Each structure stands twice: as structure tokens, then as C-alpha cells.
Amino acid sequence: MVISLNEPLDMHLHLREGRMLDIVAPYSALTFSGALVMPNLVPPLTTKEAVLKYKSQIVEAGGNDKFVPYMTLFFRSDYTYEFLASVKEQIVAIKLYPAGITTNSEEGVSGFDIGELAPVLDAMSDLRIPLCIHGETDGFVMDREAEFIPIYRKIAENFPNLKIIMEHITTKEAVAALEDFDNLYATITLHHLYITLDDVAGGLLQPHLFCKPIAKRPEDRAALLEAALQAHPKVMFGSDSAPHPKETKEAPGCAAGVFTAPIALQALAQLFDNHGALDRLQTFVSDNARRIYGINPPKKEVLLEKSLYLVPEIYEATVVPMFAGQSLEWRVVGAQ
Ligand code: DOR
Ligand code: ZN
């Protein structure tokens, strides 16, 4: 059996810089028509010049003219209206990180004082720039996302014209919140559709499945799966593929992030197939994002065939993917 996907989109992607960018970018550029690129570099992307320079590095590293990096800016509460207006054409969204919550987020927001954030959020509403949020508090690790929901609610309520994307949701509470506000959307990763905390830490510790937000309970995964498999109109695929060198994953102080970009479509096809939902995959992996972000990615048709695909143990002796050394039931047989 062969299926085709048109213009697959990955609406949450970490591409890094330098050699890692060169290693990983071609994989996303091959099978996706566009990706929303995260700005958590060192230093974070906070200027138009930095965004443009990074975009051109990605285009060069990706080496595929049918792949668009949709750029984001790292949220700061001191951006002026004039600055945001001047950078608007170069970005698709602004990404807000709570300070210190994950990789390279030290310069993020502390305290979530709506009054302090209001000028930038008002400007973003006015300029129609969506806000992507890594929604976790600094509470107990399993409760961080659920504890953040009131903050999502407050922002959604106070800024009704602002599109807010709850990034990489992991809980049934976040799925439920989608129903309460017209301006609240979400991305769901591949790994949070497959794993729970048991897969990370229930047996021998699995560093390559360690990420933020941490994978949660079976009932949370079930809620995510239901939303993804029905291609809920407010939900988009965002891999959160986050490559780290093998030696920083297989180490004390393991870095957070699961690398999924090269195997994402194959594993999604397997998942949707196993749940009898292959007919919804196109909507989940492309159509919803096109509509929500109002983007028009370059034409690309990706063909997937139902036949065994052995996932590499490692890419360029550097980065270990999810499902390393295991077989997936679907493979990519064409992309043009
Ligand atoms: O696990 C994660 N890794 N979660 C994030 O939010 C950031 C990412 C990274 O950049 O490594
Ligand atoms: Zn991320």
C-alpha cells in the first residue's frame, strides 16, 4: 500500500547551528515542505538580522528548494511596536519560553505578570503575529503543564485577537482547554503520541526519550492520540525534534530532547494506520497548519509505502533518533 501526503509541515522544529544544522536540516527539508523553526539558540534570536542570517543558513544547510523555514523570534517583553512591525514580514510567530524551563531558555519570561507582557501582546494582536508558548511552570515536573493552563486561559481571555499556540502539549488538561477559547491552538509531537513516562523511566533509563515537557500518563497520551487521530481542527503536528549530540544525551545531566525529524512521517503513518485513521493524516500533518497560520508552503508530494524500514542507529556518528535500530512499518519512497 502507498499513500501520498501533500506539503507535510512540521510546526515545531529545532535545527541548531553549525555542524548539527548541517547534519539534521537535510532530513526535514527532504520530507517536509516547511517547518516552524524554534529560536532557542545561544544567544536567542531577538533581532531581524539574526533571523535573516539564521534563515539563510537553514536554506543552505537544507539544500532543498521545496522547503521553507518559517522563522520565529524569541519572545521578550521589551520589544517595541515599531520593532515588531519591522520584523513581521520575516517571521511567522514569536515563541515564549518561561525562563530556565528548557534548553537555552534562560533569557525567557519570569513571573508572567500580564501587565508587563501586555504591550507586546497587544502589539502582536494588532499585527496578527501568533504567539507560541512553551507552557510549563517550575512546579513538580509531572504537574508543570497542567499548572500552566490558567496562564494560557488568562492570556487567551485578555487577548482575544491573539492566536496562541500551546506547544507540544502532553496532558488531557491541555487538550480540554482547546474547547474553551477560539484563539487557543496546539501542536502535538510524535513522541508524546507514542510514549508515557513509563517508556522513559519505567525500566532502564532511556535518555533518548527524555524531553521537556516530560511524557506523562497513559490517560494523557490517550487524550493526545484522540485529538491527533481525529485531526482536531485546532491541532497541528509539531515534532519538537530536538537533536543533541549522543555524548550529551548519554551522560549525567542528560540534555532534554528527542530527535525525530528523519523518521517522523514514517512513524506517524504507522500510528495512524494502526488506528485506522490514515485518511486523517493529511489534515493533521499539513492542512490544519496551513489554515491556522495562513501559510502557503511549496508544493511537495511525499509517498509512503507500507513496508519495513530499519531506523538507523545514529546519524553522522553524532545524533541518535527515536526508534534507533528498530523497524517501522512504513517507509518514505518518494518526495518531490
Ligand atoms: O526537550 C526539549 N528540547 N524541549 C524543549 O522545549 C527544547 C528542546 C531543545 O531545544 O533541546
Ligand atoms: Zn521545542
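Note that the structure is predicted; figures quoted are calculated from it, not measured.

(A) Looking closely at the overall build of the protein. What the protein contains, in helices and strands, is twelve helices and 13 strands. Computed over the C-alpha atoms, the radius of gyration of the protein is 18 Å, within 12% of the 20 Å expected from 2.2 N^0.38 for a compact globule of 336 residues. Each principal axis of the C-alpha atoms in the protein carries an extent, and together these give about 55 × 40 × 40 Å. Looking at the protein residue by residue over its 336 residues, the buried ones come to 59%. A separation threshold of at least 6 residues defines the contact pool for the protein, and within that pool the share at least 24 residues apart is 72%. A total of about 13,200 Å² of accessible surface is found on the protein, and carbon and sulfur atoms cover 50% of it. Separation between the mean location of the 29 positive side-chain charges and that of the 43 negative ones in the protein comes to 3 Å.

(B) Up close: the pattern of salt bridges. The full count for this structure, using the stated rule, is eight salt bridges. Between aspartate 180 and arginine 153 there is a salt bridge, and its shortest N-O distance comes to 2.6 Å. Placement of aspartate 180 in the loop between helix 6 (172-177) and strand 8 (184-188) and of arginine 153 in helix 5 (residues 144-158) is noted, with a sequence separation of 27 residues between them. When its relative accessible area of 43% is taken as the criterion, aspartate 180 is described as partly exposed. Judged by its relative accessible area of 30%, arginine 153 falls in the partly exposed class.

(C) Summary view of the site of ligand 1. Taken together, 14 residues form the shell around ligand 1, and within it Arg16, Asn40, Lys212, His244 and Ala256 come nearest. In the model, a nitrogen atom of ligand 1 is placed 2.8 Å from a nitrogen or oxygen of the lysine 212 main chain. Within the backbone of alanine 256, a nitrogen or oxygen atom sits 2.9 Å from a nitrogen atom of ligand 1. For ligand 1, the accessible surface in isolation is 290 Å², of which the surrounding protein chains cover 100%.

(D) Representation of the coordination of the zinc ion (ligand 2). Here the zinc ion (ligand 2) is held by the protein donor atoms His12 (NE2), His14 (NE2) and Asp240 (OD), which lie 2.0 to 2.1 Å from it. Of note, the donors binding the zinc ion (ligand 2) are all from one chain and are spaced H-x1-H-x225-D. Here histidine 12 and histidine 14 have matching classes, each one buried.

(E) Structural detail: the sheet that holds strand 7 (residues 164-166). With parallel pairing, eight strands are arranged side by side in an open sheet as 2-3-4-5-6-7-8-9. In this open sheet, the two edge strands, each paired with only one partner strand, are strand 2 (9-13) and strand 9 (235-237). Taking each pair of neighbouring strands and ignoring which way they run, the sheet shows an average axis angle of 25 degrees. Bridge count for strand 4 (residues 68-74) against strand 5 (residues 93-96) is three bridges, and the pairing is parallel. Note on strand 5: the bridge partner recorded for phenylalanine 74 is lysine 95.

(F) Representation of the packing of helix 1 (residues 18-31) against helix 2 (residues 48-62) in the model. Here helix 1 crosses helix 2 at 75 degrees, and the two axes come no closer than 7 Å. What the angle tells us is that helix 1 and helix 2 run roughly perpendicular. Residues Leu21, Asp22, Ala25, Pro26 and Ala29 of helix 1 pack against Tyr54, Gln57, Ile58, Ala61 and Gly62 of helix 2. Of the residues belonging to the contact of helix 1 with helix 2, the class tally is seven nonpolar, two polar and one charged.

(G) Seen up close, the nonpolar core. Among the nonpolar cores identified, the biggest contains 104 residues, and Leu84 and Phe284 are the most heavily contacted of them. The element contributing the most residues to this core is helix 4 (residues 114-127), with eight residues. Non-local contacts of leucine 84, meaning those with residues more than four positions away in its chain, are made with Leu73, Tyr79, Ile94, Val120, Ala123, Met124, Leu127 and Ile129. Membership of the second largest hydrophobic core comes to 17 residues, among which are Leu9, Cys132, Met236 and Ala289.

Reading the values: rules and limits
Residue numbers run consecutively from 1 along every chain, following the written order of its sequence. The lettering of chains begins at A and the numbering of ligands begins at 1, in the order of writing. Restriction of local features to residues with pLDDT of at least 70 applies here, the model being predicted, together with a cutoff of 80 or more for giving and counting side-chain atom pairs; totals for whole chains, interfaces and linings are based on all residues. Just so you know, side-chain values use all the structure's heavy atoms and leave hydrogens and water out. Elements are defined by DSSP. Helices are runs of H or I of four residues or more, strands are runs of E of two residues or more, and each kind is numbered from the N terminus. In this description the radius of gyration comes from C-alpha coordinates, and the expected globular size is given by 2.2 Å times residues to the power 0.38. Summary of the burial criterion: residues with accessible area below 20% of their type's maximum are buried, those above 50% are exposed, and those between are partly exposed, where the area comes from a 1.4 Å probe applied to protein chains only. Two residues form a contact once any of their heavy atoms are found within 4.5 Å. Residue exposure ignores everything except the shown protein chains as possible cover, and the areas themselves are Shrake-Rupley values with a 1.4 Å probe. Charge counting treats Lys and Arg as positive and Asp and Glu as negative, with His and both chain ends excluded. For charged residues, the charge sits on one atom: NZ in Lys, CZ in Arg, CG in Asp, CD in Glu. For this document, the term salt bridge refers to a Lys or Arg side-chain nitrogen within 4 Å of an Asp or Glu carboxyl oxygen. Note on terminology: near, applied to a residue and a molecule or strand, indicates that one of the residue's heavy atoms is within 4 Å of it. What qualifies as a polar contact is a pair of N or O atoms within 3.5 Å, subject to a donor-acceptor requirement within protein and to the restriction that residues adjacent in sequence count only when both atoms come from side chains. Any nitrogen, oxygen or sulfur atom within 2.8 Å of a metal ion counts as a donor, with the limit raised to 3.2 Å for Na, K and Ca, and since water is left out, coordination shells can look unfinished. By definition, two strands form a pair when at least two bridges between them are found by DSSP. Axes, fitted as lines to C-alpha atoms, cover a helix only where it is in contact. Angles between the N-to-C directions of the axes lie from 0 to 180 degrees. Roughly parallel means an angle under 35 degrees; roughly antiparallel, over 145; roughly perpendicular, 65 to 115; everything else is oblique. When residues are sorted by character, Ala, Val, Leu, Ile, Met, Phe, Trp, Tyr, Cys and Pro go into the nonpolar class, Asp, Glu, Lys and Arg into the charged class, and all the rest, Gly among them, into the polar class. Throughout this description, the term nonpolar core refers to a set of buried Ala, Val, Leu, Ile, Met, Phe, Trp, Tyr and Cys residues connected via side-chain atoms within 4.5 Å.

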